[in-house]
Structures are given as structure tokens and as C-alpha cells.
Amino acid sequence: MNSSNIPAWRLSRLPLVLLILCSLAVPALAQAKKKPQPTPKPPPPPPEVVPPGIEVIEISTSSSDNPKVPFYVRPPAGFSAKDGTKKHRLVILFPFVPESGLKAMARSRLLTQLADVQGWFIVSPTLAVDFRNDARNREKAFYYPERWSGKAVLEAVAEIEKRFPVDGSRLFVLGLSGGAQIAHRLGLWCPERITAVAVNSSGWFDDPESKASQVAWAITVGESDPIMPASVDFVDKLKAHGAQPIFKAFIGMAHEDYPKANQLCAAFLLHMDELTKDQLGQPPDSSGGEAFNRPEHHRYVGDRRDYSYFPKTPEEMKNIPPEAQLLLPDDTVAEFWGEPGH
């Protein structure tokens, strides 16, 4: 049918009909835009592929967020069960939130390289926390070992000792951010099991007690990180209890995984391993004495006002106010910490 066969009165009504249809459609479209659309659920993450040579130990816990915690165990390169009964160092690497244990090990290349040279085993767990709601909840967050996470860690260590020749009584623990939260608290909670703690950018700290002097400490943070004052306060409290922590606030560093901080912590752990490796496999010291961080174990004194360091002599100690003094154990740690003073 062509337009010549359509009655004129119908043609005259066509614009009116279109106007009515548009007036009905516009509010409907506007309403459709206002109506919230359901957010599609993200697909579940693919299962992690465990690299060859990594063993997984699962530990059941009372945490509803962490009913089973996987601990990923990495032996040093070239390790063989036929190597004899020599005891190896066990290093616990705690990931940041929400990083997995496997990703933490993959990120920490400097640590894994050092572990291969020194013959260390590294274990890293995957731990979950509802950071927005439960971060300060001492009953739920894994940051607080006295509730459930410390028990899980010690159970994992005991299981690793059954499978590998490691010393579970002279642990190194380290972590970044949320990992630093549990790492430093383990040093306070069970100092008789831990030789050294190295932490970077811990959001907040628990107050140390006198037993903290049994542990050697390295604390790093960024000068641009809002949590720097809390780190300074923790270091001062450690010193008040007789510990000799190494502390560095890095210029240009925020709340992040910072290569220079990793280098300093690695140098610190290397020093502590060389200092204490002859004790691996020996009966634990039940005397409750201080760790290998007494003044006689340090060659240099650092001035944390400008990060210059000097040979630890009575004269140099007099030149630096006690509150600014930090003792540094050897050349490598001192060089990663600051610059030689003049």
C-alpha cells in the first residue's frame, strides 16, 4: 500500500501518535536507568598452580575465615633428603593482605636467592582476613597469634620438622604490611622459638615486654607512610626493654614493597644466620637469656637523625644522643642502612 491510498486524516494523526509513544518511552527508559542492576558475581579465581618442588601442608583452624590454611614449603635449591642429618634454618614469610603464600614467595626473589645460598627452607601460608571489619578484632584476625593463628603456625612448623631436617626452635619470621602484623607479634608471643624478626610497614604494633630482648629485630617503614610514628614508637619501646633493633625509615618509600628495605632485611637475616647457625639442631636455650643482639655483637653505631654510622667507640657513642643511637652488627648491614660518617 502506498501513501496515496492512506486516508488523509490518518496521515495527519501520525505525528501525534509518534509524540505519544515517545512521551511514554522516555519515562520508562529513565526508570530503567535508575533501577539498580544486579552486579554479576566475579568468576572464582582459578586454582593456584603449585610449582614443582613446593610441598603443601594444610592446617585446620578454628577460624571461620581460615578453616584450612595452606602452608607452602620451599626447600633450598639442590636439597636432597640424602644429604644427612644437618639441620637447616626455617624462615616463615607472611604475605600481605590479600596476597597468597605462593605469590609472596614469587615476589621475594632476594629472599629465595639468599635461601638457596644459605640452605634455608622457606614456608609461606595463605591467610584471609576481613580487613574492613575485623582487622582490629583480636578474636578473628590472623594478626593476633594468641587466638588461633599462632597455634596454626606452630602446628605447621611441627609438621615440617617431621618431613624435613629443619630446626623449628630457631625461626626467622618476616612480613610486609599485614604479614608484618603477625610476624612481629609472633616475636612477642613466643620469643623462645624465634631468633630474628624482620618487618616492613606494619600498620600497628603490640607493646613489647621484657622477653622481646630475646629476639633480634629489624623494622623498616617509609617516611611517606602514615604509620611511621607507630614504627618509631615500637622501636623505642624495644630499646627500653633491652633489645637492640635495627630501624630504617626510607625517604621516598610509602606503604609498599620496597627493594632497599628488602635488601636491609636480607642483610640482617644473613648476619643473624651466620651468627647463630652453629646452634641449629642443638637443645633449646632454656635460660631465657638475650638473643645475639647485645652491644658486644655490633661493630658500628648509627645516628638515625641522618643515617650516618661510625665505628662503635666510646668517643663516637658520646657524640650521638642515646635516643638517636642504633647499633649495627657488621659492614653489610651498615652499608645498606646508611652512609659512613665523617
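Everything in this summary refers to the structure shown in the same document. Note that the structure is predicted; figures quoted are calculated from it, not measured. (Residues numbered from 1 in each chain as written. Predicted model: local features only at pLDDT ≥ 70, side-chain atom pairs only at ≥ 80, totals over all residues. Heavy atoms only, no water.)

1. Looking at the side chain of Asp-167
Following the sequence through the fold, Asp-167 ends up in the loop between helix H5 (145-163) and strand E5 (171-176). Judged by relative accessible area, which is 6%, Asp-167 ranks as buried. At a separation of 2.8 Å, a polar atom in the side chain of Asp-167 contacts the main-chain amide nitrogen of Ser-169. If we ignore the near neighbours within four places in the chain, the residues touching Asp-167 are Lys-87, His-88, Leu-90, Glu-161, Gln-279, Leu-280, Gly-281 and Gln-282. (Helix = DSSP H or I, 4+ residues; strand = E, 2+ residues; numbered from the N terminus. Buried < 20%, exposed > 50% of the residue type's maximum accessible area, 1.4 Å probe, protein only. Polar contact = N/O pair within 3.5 Å; in protein donor to acceptor, adjacent residues only side chain to side chain. Contact = heavy atoms within 4.5 Å.)

2. A few points about unusual backbone geometry
Trans peptide bonds make up most of the peptide bonds, and negative phi angles are found at most residues other than glycine. Note the cis peptide between Val-97 and Pro-98, where omega equals 5°. Mapped onto the secondary structure, Pro-98 falls in the loop between strand E3 (90-94) and helix H2 (101-107).

3. Structural notes on the packing of aromatic side chains
Under the definition given, this model contains 12 aromatic pairs. For the ring pair Phe-79 and Phe-164, a centre distance of 6.2 Å and an interplane angle of 65° mean the geometry is edge-to-face. Residue Phe-79 is located in the loop between strand E2 (68-74) and E3, and its partner Phe-164 is located in the loop between H5 and E5; the two are separated by 85 residues in the primary sequence. A relative accessible area of 23% places Phe-79 in the partly exposed class. Accessibility expressed as a relative area gives 11% for Phe-164, which makes it buried. Geometrically, the ring pair formed by Phe-142 and Tyr-143 is edge-to-face, given 4.9 Å between the ring centres and 75° between the ring planes. (Phe/Tyr/Trp six-rings, centres within 6.5 Å; stacked < 30°, edge-to-face > 60°.)

4. Notes on the sheet that holds strand E12 (residues 339-340)
Strand order in the open sheet formed by four strands is E11-E9-E10-E12, with mixed pairing between adjacent strands. Looking along the sheet, the strands with just one partner apiece sit at the ends: strand E11 (325-328) and E12. Looking at chain direction, strand E9 (residues 300-303) and strand E10 (residues 308-311) are connected through four bridges and run antiparallel. Each residue of the ladder has a partner; that of Val-301, found in E10, is Phe-310. (Pairing = 2+ DSSP bridges.)

5. Looking at the pattern of salt bridges
Per the stated rule, a full pass over the model turns up 21 salt bridges. Between Arg-138 and Glu-146 there is a salt bridge, and its shortest N-O distance comes to 2.9 Å. Residues Asp-331 and Arg-299 are paired through a salt bridge, measuring 3.1 Å at the closest nitrogen-oxygen approach. Taken as a pair, Asp-331 in helix H10 (residues 331-337) and Arg-299 in the loop between helix H8 (259-276) and E9 lie far apart in primary sequence, 32 residues in all. Take Asp-331: its relative accessible area is 33%, and that puts it in the partly exposed class. Look at the salt bridges and you will find they share partners, linking Arg-138, Glu-139, Glu-146, Arg-147, Arg-185 and Asp-206 into a network. (Salt bridge = Lys/Arg side-chain N within 4 Å of Asp/Glu carboxyl O.)

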